[in-house]
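A look at the structure
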Amino acid sequence: MTLRRPIARLARFGRDSRGYVTLEIMIFLPVVFLIFAACWVFFDVFRQQSVNQKANYAIGDLLSRETQEIDDTYIDNTYSLLKLLTLTDDTLYSADPLESLALPGLVGDTWYKTDLRITVVRYDASDNRYNVAWSAARGDHASLSGNLPADLTRLMPEMTGGTQVILVETWDDYQPTFSVGLDPFEIHTFSFTHPRYAPQLAWVGAASSGGAPLISTGCSGNCTNEDGSNNVEPSINYRWGRG
């Protein structure tokens, strides 16, 4: 008898279709806004990743078509192009530690919002190593020298001895518009491209980051390459990953 009354009341409550629209909106509207904000943030992350990767490909393609030596001015202009393509301004982060606390994924020596590193990598078949011919960086990340680090080596394609590729890396600091459990982080993009019209992409100046001497690009004068006769195609099919 005592147990039947609560059960009967619950049954009546379940059949009752009366309610207040205002109260229901107050309950469900925050949930709807939270779902919308989360969808927006994760969509924007993939959108920004796509934008950065396309900018990376554009820079790699630009460098692969060069037939003259590269200098610091060229790298500076390429860095400006990257910021233009990714819609990043020149504002630097403040040194205020309170501001750093608001960027848990970007603390440390992060001052620039966008970083660029261009590295020409040469494969040495006798030592089975990827050597840095020269490297130039803009932003927070340093240029490379010597042998290519292991974390990048495993991403490089299989190459024949003496072959060079242009490795382009970009980093973009992403800060979510809404707080939905996703902390600020760096979007890292990576690509490699074989030189198109010359056997290599040389660095001009007394010395480069990799210590490579000046060498001819193999294409003097105005190489228009309208008929494709100056193309320098790779002799193998590139395949991802190395153990």
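About the criteria used
- Residues numbered from 1 in each chain as written.
- Predicted model: local features only at pLDDT ≥ 70, side-chain atom pairs only at ≥ 80, totals over all residues.
- Heavy atoms only, no water.
- Core = buried A, V, L, I, M, F, W, Y, C linked by side-chain atoms within 4.5 Å.
- Buried < 20%, exposed > 50% of the residue type's maximum accessible area, 1.4 Å probe, protein only.
- Helix = DSSP H or I, 4+ residues; strand = E, 2+ residues; numbered from the N terminus.
- Contact = heavy atoms within 4.5 Å.
- Expected span 1.5 Å × (residues − 1).
- Bend = angle between axes of the 7 residues up to and from the residue.
- pLDDT = per-residue confidence, 0-100.
- Polar contact = N/O pair within 3.5 Å; in protein donor to acceptor, adjacent residues only side chain to side chain.
- Patch = residues over 30% accessible without salt bridge, like charges linked within 9 Å, V, L, I, M, F, W, Y side chains within 5 Å.
- Areas by Shrake-Rupley, 256 points an atom, 1.4 Å probe, with all protein chains shown as cover.
- Salt bridge = Lys/Arg side-chain N within 4 Å of Asp/Glu carboxyl O.
- Lys, Arg positive; Asp, Glu negative; His and termini not counted.
- Charge placed at Lys NZ, Arg CZ, Asp CG, Glu CD.

**Notes on the nonpolar core**
Counting 18 residues, the largest nonpolar core has Ile59, Leu63, Ile70, Leu116, Ile118, Trp134 and Leu201 as the members making the most contacts within it. Of all the elements in the fold, those that place two or more residues in this core are helix 2 (21-64), helix 3 (72-85), strand 1 (114-124), strand 2 (129-138) and strand 3 (164-174). Looking at this core element by element, the count peaks at four residues for helix 3. Excluding its chain neighbours within four sequence positions, the residues that come into contact with Ile59 are Thr78, Leu82, Leu116, Ile118 and Val168. Formed by 13 residues, the second largest nonpolar core is a distinct cluster that contains Val121, Tyr130, Met159 and Phe190.

**Observations concerning helix 2**
Here helix 2 contains 44 residues, and its C-alpha end-to-end distance of 63 Å stays within 8% of the 64 Å for a straight helix at 1.5 Å per residue. At Phe28, helix 2 is deflected by roughly 30°, the largest bend along its length, and proline Pro30 occurs up to four residues later in sequence.

**A closer look at the confidence of the model for the protein**
Taken over all residues, the pLDDT of the protein has a mean of 78, while the share at 70 or more is 75%. A low-confidence stretch, residues 206-218 stays under pLDDT 50, and its non-local contacts, those more than four residues away or across chains, total 30 contacts. Every residue in residues 233-243 scores below 50 in pLDDT, and together they form 30 contacts with partners more than four places removed in sequence or on other chains.

**Looking at the side chain of Thr114**
Mapped onto the elements of the fold, Thr114 is located in strand 1. Judged by relative accessible area, Thr114 falls into the buried class, the value being 2%. Among the polar contacts listed, one links the side chain of Thr114 to the side chain of Thr88, at a separation of 3.0 Å. If near-sequence neighbours (up to four positions away) are discounted, Thr114 is found in contact with Tyr79, Leu82, Lys83, Thr86, Thr88, Arg138, Gly139, Trp171 and Asp172.

**Points about the environment of Val121**
With respect to the helices, strands and loops of the structure, Val121 is situated in strand 1. For the pair Val121 and Gln164, spaced 43 residues apart in the sequence, the C-alpha separation amounts to 5.5 Å. If sequence neighbours within four positions are ignored, Val121 has contacts with Tyr130, Asn131, Leu148, Met156, Met159, Thr163, Gln164, Val165 and Leu167.

**Points about a nonpolar patch on the surface**
On the surface, Tyr20, Val21, Leu23, Ile25, Ile27, Phe28, Leu29, Val32 and Phe33 cluster together into a nonpolar patch covering about 970 Å² of accessible area. Given the relative accessible area of 55%, Phe28 is considered exposed.

**Here we look at the pattern of salt bridges**
Considering all chains together, one arrives at six salt bridges under this definition. Of the charged contacts, one joins Arg196 and Asp61 as a salt bridge, the two residues approaching to 2.8 Å between their closest N and O atoms. Placement of the pair is Arg196 in the segment after strand 4 (185-193) and Asp61 in helix 2, with a sequence separation of 135 residues. Residue class for Asp61 comes out partly exposed when judged on its relative accessible area of 25%. The partner of Arg117 in a salt bridge is Glu169, and the shortest N-O contact between them spans 2.9 Å. Separated by 52 residues along the polypeptide, Arg117 in strand 1 and Glu169 in strand 3 bring together distant segments of the chain.

**Some remarks on helix 3**
Over its 14 residues, helix 3 extends 20 Å from the first C-alpha to the last, a length consistent with the 20 Å expected when each residue adds 1.5 Å. Along helix 3, the residues classified as buried are Tyr74, Ile75, Thr78, Tyr79, Leu82 and Lys83. Residues of helix 3 that are buried make contact with helix 2, strand 1, strand 2 and strand 3. Just past helix 3, the residue Leu87 takes up positive phi, approximately 55°.

**Focus on a positive patch on the surface**
A grouping of Arg5, Arg9, Arg12 and Arg15 is seen on the molecular surface, where their side chains present a positively charged patch. Tracing the chain through its elements places Arg9 in helix 1 (residues 4-15). Of the residues examined, Arg9 reaches a relative accessible area of 57% and is grouped as exposed.

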